[in-house]
Amino acid sequence: MELTREEERILAGEEGEARQRAMRLLVVLGKIFGAERMIRVRSAQISGVSYRTIGDAGLEFLEDFAEAGAKASIMATLNPCGMDLRRWKRMGIPCEFAEKQLRIARAFARMGVKLTWTCTPYYASNRPRFGQSLAWAESSAVAFANSVLGARTNREGGPAALASAVVGRTPLYGLHLDSEREPTHSVEVRLKPSNDLDYGLLGYLLGKSLGGGVPLLSGLGGPSLDELKYMGASAAASGGIALFHVEGVTPEAKRKRFDGRGLEALEVDGKDLDAIKDSISSSRDFDWVLLGCPHLSLAELRTIAEAVRGKRLRKRLMCFTSRAVRADASKRGYIRAIERAGGLVACDTCMVVSPLEAMGIDGAYTNSCKAAHYMPSLSGAEAALRSLRDCIHAAL
Ligand code: F3S
């Protein structure tokens, strides 16, 4: 790789051990992917922050990196961790787990990373603009940033995103290049998705059928940002899709008329969605309703609050969102309405990275195909898929 003089200096250790280690990792990554040089990135979104997923080895790595003097040099935000750092006792998190998770939080704080603990940084302080280069690790946020905001990021791993946070750079390859952002498949959608779950199932089907690539979708009406959020999260969970275009909707497909001719084609209808739902959704009845994968937006919390205000929930409802969105929702009375009805609005964590089995949850209603994909393998819990509104009805 061709490095600038400053990058050479960092690599030689002239700016300290931590920056040297970060640059080394990125150079190796760049060589693997054939990058010619580094580019500067505006922000990093760091994943692999839950004690549940990184364990003692990950905790030791982070404490050691912080001890070596690692410091974020650009805006760096964090994915959800294994518990709500303030309400973990109410969540039923065991003390031993909480202690380790708090050590992880302290390591990131020492490194100057913003303790946002959310996979929807774009709803809070880290909302990139069109064309900006990023180093984001969190597949749902990557899909949203690339597809819905038109920013540019590869699907980084947690250590690579942290390294980019430290040196403010990433190797130039993959979705940072115009050529890699061209559609590879054309997808004709022959149904009108009517809610968040339909969009999630559509995304799940794309990931499963295509595996990867850049689908160009036609036939979709005007999906909301939240519906696109669910579609991207599911496509990234069941496959490796990090960018999709929707004709007339997403920013690159609006600015450029992509020609779908000659691309590998796929048609999707209602029967396909039913089949994919049957393959991942449990038919059991559960006592729990878990919402917020990806983290809930303010609009979604308003929908939940309006539906449950003044009522009493019959099932246990846990909602997951970011601290920033929770604070906003609290000012508007949404949190009070949900919690007076018997629900809990947790932040910093989610249903996939928290230890559900230790919390006594063996299954739940949810609107998230991504959660339905990961819950069985990570915590042995099942998911019964419903739309957001039907999940609320189930809770009531
Ligand atoms: Fe976010 Fe957790 Fe789902 S990180 S996308 S809420 S698995």
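*Asks:* Teacher, can you tell me more about the sheet that holds strand β7 (residues 215-218) here?
*Replies:* To summarise the sheet geometry, strands pair through backbone hydrogen bonds and adopt either a parallel or an antiparallel arrangement. What the 4 strands build is an open sheet, ordered β8-β7-β6-β9; its pairing is parallel. Looking at strand neighbours, the two that pair on one side only are β8 (245-246) and β9 (264-268), the edges of this open sheet. Where strand β6 (residues 185-189) lies against β7, 4 bridges are found, and the strand directions are parallel. For Glu188, the partnering residue across the bridge sits in β7 and is Ser218. Each of β6, β7 and β9 touches helix α8 (residues 196-210); the most contacted strand, β9, lies at about 145 degrees to it.

*Asks:* Can you walk me through the packing of aromatic side chains in this structure?
*Replies:* Two aromatic rings, taken as a pair, are described by how far apart their centres are and by the angle between their planes. Evaluation of the coordinates by the stated rule reveals 7 aromatic pairs. Here the aromatic rings of Phe61 and Phe65 are separated by 5.7 Å at their centres, their planes lie at 20 degrees, and the arrangement is stacked. Taken together, the residues Phe61 and Phe65, both in helix α3 (residues 51-67) and 4 residues apart, mark about one turn of the helix. You can call Phe65 buried: its relative accessible area is 4%. Taken together, a centroid distance of 6.1 Å and an interplanar angle of 75 degrees make the contact between Phe286 and Tyr365 edge-to-face. One end of the pair, Phe286, is in the loop between α11 (270-280) and β10 (288-296); the other, Tyr365, is in strand β13 (residues 363-366), with 79 residues separating them in the sequence. Take Phe286: its relative accessible area is 2%, and that puts it in the buried class. Members of the aromatic cluster, joined through ring pairs, are Tyr122, Tyr123 and Phe144. Above the ring of Phe130, the side-chain terminus of Arg255 is found at 3.6 Å from the ring centroid.

*Asks:* Please explain the site of the ligand as it appears in this structure.
*Replies:* If you check the shell around the ligand, you find Pro80, Cys119, Glu138, Ser140, Gly292, Cys293, Pro294, Cys350, Val352 and Lys370 and nothing else. When residues in the shell around the ligand are grouped by element, the largest group, 3 residues, is from β10. Taken domain by domain, the shell around the ligand gets at least three of its residues from each of domain 1 (5-178) and domain 3 (281-395).

*Asks:* What is the right way to look at the sheet that holds strand β4 (residues 134-136) in this model?
*Replies:* Sheet architecture is open: 3 strands sit in the order β3-β2-β4, paired in parallel fashion. Two strands bound the open sheet, and with one partner strand each, they are β3 (75-78) and β4. Here the strands of the sheet are splayed against their neighbours by 10 degrees on average, with no regard to which way each runs. Strands β2 (43-46), β3 and β4 of the sheet are contacted by helix α7 (residues 158-167), whose axis makes an angle of about 150 degrees with β2.

*Asks:* Would you mind showing me how to read a nonpolar patch on the surface here?
*Replies:* Nonpolar side chains collect at one region of the surface, where Val28, Ile32 and Phe33 lie side by side and expose about 320 Å² of accessible area between them. Counting through the fold element by element, Val28 comes out in helix α2 (residues 17-32).

Definitions and limits used
Residues numbered from 1 in each chain as written. Predicted model: local features only at pLDDT ≥ 70, side-chain atom pairs only at ≥ 80, totals over all residues. Heavy atoms only, no water. Pairing = 2+ DSSP bridges. Helix = DSSP H or I, 4+ residues; strand = E, 2+ residues; numbered from the N terminus. Contact = heavy atoms within 4.5 Å. Axes fitted to C-alpha atoms, helices over the stretch in contact; angles between N-to-C directions. Phe/Tyr/Trp six-rings, centres within 6.5 Å; stacked < 30°, edge-to-face > 60°. Buried < 20%, exposed > 50% of the residue type's maximum accessible area, 1.4 Å probe, protein only. Lys NZ or Arg CZ within 6 Å of the ring centre and 35° of its normal. Near = heavy atom within 4 Å. Domains from an automatic or database assignment. Patch = residues over 30% accessible without salt bridge, like charges linked within 9 Å, V, L, I, M, F, W, Y side chains within 5 Å. Areas by Shrake-Rupley, 256 points an atom, 1.4 Å probe, with all protein chains shown as cover. Salt bridge = Lys/Arg side-chain N within 4 Å of Asp/Glu carboxyl O.

Worth remembering: the numbers are spatial, not functional.
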